[in-house]
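# Report on the structure
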Amino acid sequence: MSLPKLARLPSARLLTSVLPHHQLLLPPLSPLTIPCRTKIQQDYRRPGQPIQKEPPLNFNFSKGIKNIKKHFMLMKDEFFGRFVGPQGKPLIEHILEQNLVIWEFRGPESLKQWTVSSDQEIGGQSEAHLKMGRNVNTCFLHGKLCTTTPRDGETRYSGYCNMRSKIPKASFDRKKHYDWTSFNTLHLRVRGDGRPWMINIATETYFSHQKDDIYTYFLYTRGGPYWQEVKIPFSKFFLSHRGRIQDDQHPIWLDKVNTIGFTLGDKAEGHFQLEVDFVAVCKDYAHTEEFAYEMYERNPKN
Amino acid sequence: MSPYVLVLLLFTLGLGTTLAFVSSHWLLAWVGLEINTLAILPLMVRNHHPRAVEAATKYFLIQAGGAAVLLFAGVTNAWLTGQWGIQQATSPIFIGVISIALALKLGLAPLHSWMPEVFQGLDLNTGLVLATWQKLAPLALLFQIQPANSPLLIFLGLASTLIGGWGGLNQTQLRKILAYSSIAQLGWVVLVVQFSPSLATLAVLVYIVAAAATFIILKLVKSTNINMLAVSWAKSPALVAMAPLVFLSLAGLPPLTGFMPKWLIIEELSKQGLGPAATLAVLTALLSLYYYLRITYAMTLTMFPNNFSGVPPWRLRPLQLTFPLACLVTGTISVLPLTPAAIALVAL
């Protein structure tokens, strides 16, 4: 599963390559009737990109039976977990816990919870790979960043790699969310190569229709052989939409967190590597800041 | 938000409820309900936040749906019988559809699923308005319709008390707990509305006072989670000492005020020959009591073993709602001895 294609709305001229032929005979579209962006993003093929054929339907009966068993087991755990407490944990644990490790890389199975992507989706040449570290207790994200823009006539910038966690799923592939309201700090143990990374947290945006809203902060790695323990309060995360920092800021709400991701986009060509031991959340009682950024009045009258 | 816009919205909120109160025509009642819905939506999205937008979206869809069903029933009744008057409707099917529409607007079980999510997305001020003021208009209409569908209202009431108690058990978010509490309390109101509207009015008034006290307490200690309650003793020790009484009053424990409506409702149900319904309602109140006790435990009865090495949280600021809170807490805790006076007052 890869990130959705980062396509901008194409110009009207390019629409002719998107719309079916019979629609070309219709009167030209006015700006008010431009087709919806999601449709374009699904069907739009950048110039030079190969045509992706749909994979053939693969019907596997035994796999289906296994999946059904898996989902019913999950449903049973959820049902009986309610008798233990919220989210299957006793309430006293919810009240007393100060640290919670969300992701730790202790085996190859842990890598399946993450998705790696790069600008190859938009025609770039960066590479990113994820594997277990040498001591099998960490994950190792490495690759090569390439800022060469794809030659499609419309992309102006390129060069990013990303590692993003998958959305947690309940039984029957229903979307679940992380509830981190008991915590106020993100705690990571990483070993980088001195490059600045971005940590992106995505919350539930189904009803707000702003699915590209992401809360971002920076992770400055030190490089070198020593591990780095990073604690970032959630009050420091700022809102951005499709890479642009928004004027109307608000603190991140932690009751419905979907994914966390690490992105490298520092415009420096060359190899990179990042080793992650664990990603945890913790509660720092000394940190009482609610939001790190002041909100100024926009468009003041004077 | 501009103060002019805020005042306009608050006045519109009042206008909508007043219209629903004074109307004797289904169309005017529908207008009042819709004005109410439209007035609170900007208040809900005052903070431009995805969760607030989610809450407003869900609230709008539910309330618009309920109002549409209500209008549909009113128009159909007028078409079939020629009657638009609220108190002149007698057809059981019509009364049933109206009851379901109003149950959807109130958040009674089994039409309650929207309430916890909507409350979770709001700040405590707007949540207070939603839990108290927004219930008045649909309840006013429910009180006026003729009691032709006894089993339906009993079912709605019992389901609400049961689901309101059960659903709140597995919550750590205080706003969701208060949403389930609201469902349960309105279940008690609906149980008795067809037998004694004055008693239902008393129950609503006691609930509004107690819910307002609860919301203001949570706002003062700035807690939206059970964990945050654990450190509220440092913010306001006196408030933390009074808060358990408010929560237990909501649970309906004597000798607090919250016991008054529950006691009178059980008495009325027994007089009407609904002993099993009364028993079930009492048993489901125990479920609600459990999560109120849990909140009390987290807030007051336990000193959690967490190191407090940092700066203590802020103290009460000068301009807080301390006077209204004092009045509401007094009303929530100590009005039980005035039960005969309260009954006489609502029976007027």
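Residues numbered from 1 in each chain as written. Chains lettered and ligands numbered in written order. Predicted model: local features only at pLDDT ≥ 70, side-chain atom pairs only at ≥ 80, totals over all residues. Heavy atoms only, no water.

An unreviewed UniProt entry annotates chain B as NADH-ubiquinone oxidoreductase chain 2 of Pagothenia borchgrevinki. What UniProt records for chain B under Sequence similarities (unreviewed entry) is the sentence "Belongs to the complex I subunit 2 family." (UniProt positions renumbered as here; feature names shortened; annotations may be inferred.)

Under an unreviewed UniProt entry, the name given to chain A is Complex I intermediate-associated protein 30, mitochondrial, and the source organism is Pagothenia borchgrevinki. Among the UniProt annotations of chain A, the heading Function (unreviewed entry) holds the following wording: "As part of the MCIA complex, involved in the assembly of the mitochondrial complex I." Heading Subcellular location (unreviewed entry) of the UniProt record for chain A holds this comment: "Mitochondrion".

All right, on to the overall build of chain B then. If you tally the helices and strands in chain B, you get 16 helices and zero strands. In summary, chain B has a C-alpha radius of gyration of 20 Å against a globular reference of 20 Å for 348 residues, a match within 12%. With the principal axes as the frame, chain B shows a C-alpha extent of 70 × 50 × 35 Å. Burial statistics for chain B: of 348 residues in total, 58% are counted as buried. (Helix = DSSP H or I, 4+ residues; strand = E, 2+ residues; numbered from the N terminus. Rg over C-alpha atoms; globule rule 2.2 N^0.38 Å. Buried < 20%, exposed > 50% of the residue type's maximum accessible area, 1.4 Å probe, protein only.)

When two helices pack together, their arrangement is given by the angle between their axes and by how far apart the axes lie. All names here are of chain B. At a minimum axis separation of 7 Å, helix α1 (residues 3-22) and helix α2 (residues 26-44) run at an interaxial angle of 155 degrees. The pairing of α1 with α2 is recorded here as roughly antiparallel in orientation. Like other packed secondary-structure pairs, α1 and α2 cross with a definite hand, here left-handed. Here Leu 6, Leu 9, Leu 10, Thr 12, Leu 13, Leu 15, Gly 16, Thr 17, Leu 19 and Ala 20 of α1 come into contact with α2, specifically with Leu 28, Val 31, Gly 32, Ile 35, Asn 36, Ala 39, Ile 40, Pro 42 and Leu 43. Partitioned by chemical class, the residues of the contact of α1 with α2 number 14 nonpolar, five polar and no charged. (Axes fitted to C-alpha atoms, helices over the stretch in contact; angles between N-to-C directions. Parallel < 35°, antiparallel > 145°, perpendicular 65-115°, else oblique. Left-handed = near helix turned anticlockwise from the far one by under 90°. Contact = heavy atoms within 4.5 Å. Nonpolar A, V, L, I, M, F, W, Y, C, P; charged D, E, K, R; others polar.)

With 19 residues, helix α9 (residues 174-192) of chain B extends 28 Å from end C-alpha to end C-alpha; this agrees with the ideal 27 Å at 1.5 Å per step. Buried residues dominate α9(B), accounting for 19 of its 19 residues. (Expected span 1.5 Å × (residues − 1).)

All right, on to the sheet that holds strand β12 (residues 257-264) of chain A then. Residue and element names in this part refer to chain A. With respect to topology, seven strands assemble into an open sheet ordered β2-β5-β12-β7-β8-β10-β11, the strand pairing being antiparallel. If you trace the sheet from one side to the other, it starts and ends with β2 (114-118) and β11 (244-245), each paired once. In this sheet, strand β10 (residues 238-241) lies alongside strand β8 (residues 213-220) in antiparallel orientation, the contact comprising four bridges. Across the sheet, residue Tyr 215 finds its bridge partner in β10, namely Leu 239. (Pairing = 2+ DSSP bridges.)

Moving on: the interface of chain A and chain B. Every contact between the two is made by 28 residues of chain A and, on the other side, 30 residues of chain B. Both sides together, the interface formed by chain A and chain B hides about 2,700 Å², and carbon and sulfur atoms give 55% of it. Counting every contact that joins chain A to chain B gives four salt bridges. Here Glu290(A) and Lys222(B) are joined by a salt bridge, their closest N and O atoms 2.8 Å apart. Our count for the chain A to chain B interface comes out at 15 residue pairs in polar contact (both at pLDDT 80 or more). Ranked by residues supplied to the side of chain A that touches chain B, first place goes to helix α4 (residues 91-96) of chain A with five residues. Classifying every residue of the side of chain A that touches chain B by side-chain character gives eleven nonpolar, nine polar and eight charged. (Buried area = accessible area lost by both parts, 1.4 Å probe. Salt bridge = Lys/Arg side-chain N within 4 Å of Asp/Glu carboxyl O. Polar contact = N/O pair within 3.5 Å; in protein donor to acceptor, adjacent residues only side chain to side chain.)

Residues and elements named next belong to chain B. For helix α10 (residues 197-221), with 25 residues, the first-to-last C-alpha span of 36 Å sits near the 36 Å given by 1.5 Å per residue. With 19 of its 25 residues buried, α10 lies for the most part within the structure. A positive phi of about 55 degrees marks Lys 222, the residue just after α10.

This next bit is on the domain arrangement of chain B. Residue and element names in this part refer to chain B. The domains assigned to chain B are domain 1 (1-148) and domain 2 (149-348). Here the C-alpha centre of domain 2 lies 23 Å away from the C-alpha centre of domain 1. Of the residues lining the interface, 32 residues belong to domain 1; the matching set on domain 2 comes to 35 residues. Counting each side, the surface lost to burial between domain 1 and domain 2 is near 2,800 Å², with a carbon and sulfur contribution of 77%. Counting the surface domain 1 buries against domain 2, the share from its top three residues, Gln 120, Leu 124 and Phe 143, is 24%. Across the salt bridge formed by Glu 117 and Lys 176, the nearest N and O atoms sit 3.5 Å from each other. Summed over the shared surface of domain 1 and domain 2, the number is three residue pairs in polar contact (both at pLDDT 80 or more). Elements represented by at least two residues in the side of domain 1 that touches domain 2 include exactly α4 (92-106), α5 (114-120), α6 (124-131) and α7 (133-144). If one sorts the elements of the side of domain 1 that touches domain 2 by residue count, α4 sits on top with seven residues. (Domains from an automatic or database assignment.)

Moving on: the packing of α10(B) against helix α12 (residues 237-251) of chain B. Residues and elements named next belong to chain B. Relative to each other, α10 and α12 sit at 145 degrees, their axes nearing to 10 Å. Here α10 and α12 pass one another in a crossing that is left-handed. Of the residues in α12, those touching α10 at Tyr 207, Ala 210, Ala 213, Thr 214, Ile 217, Leu 218, Leu 220 and Val 221 are Leu 239, Ala 243, Val 246, Phe 247 and Leu 250. Broken down by class, the residue content of the contact of α10 with α12 amounts to twelve nonpolar, one polar and no charged.

Further remarks concern the packing of aromatic side chains. All names here are of chain B. All told, the structure shown has 24 aromatic pairs over all chains when counted by the stated rule. Note on Phe 259 and Trp 263: the rings are 5.7 Å apart at their centroids and 10 degrees apart in plane angle, and the pair reads as stacked. Here Phe 259 pairs with Trp 263, and both are found in helix α13 (residues 259-271), just four residues apart, close to one helical turn. Accessibility expressed as a relative area gives 39% for Trp 263, which makes it partly exposed. (Phe/Tyr/Trp six-rings, centres within 6.5 Å; stacked < 30°, edge-to-face > 60°.)

Moving on, we get to unusual backbone geometry. Pro110(B) follows Ala109(B) through a cis peptide bond whose omega is 0 degrees. Examined against the element boundaries, Pro110(B) turns out to sit in the loop between α4 and α5. With an omega dihedral of -5 degrees, the bond running from Pro254(B) to Pro255(B) counts as a cis peptide bond. Within the secondary structure, Pro255(B) sits in the loop between α12 and α13. The phi dihedral of Phe172(A) falls on the positive side, at around 60 degrees, and the residue is not glycine. With respect to the secondary-structure elements, Phe172(A) resides in the loop between β5 (161-165) and β6 (185-191). With a phi angle near 55 degrees, Lys222(B) is a residue other than glycine that sits in the positive phi range. Note that Lys222(B) resides in the loop between α10 and α11 (226-229).

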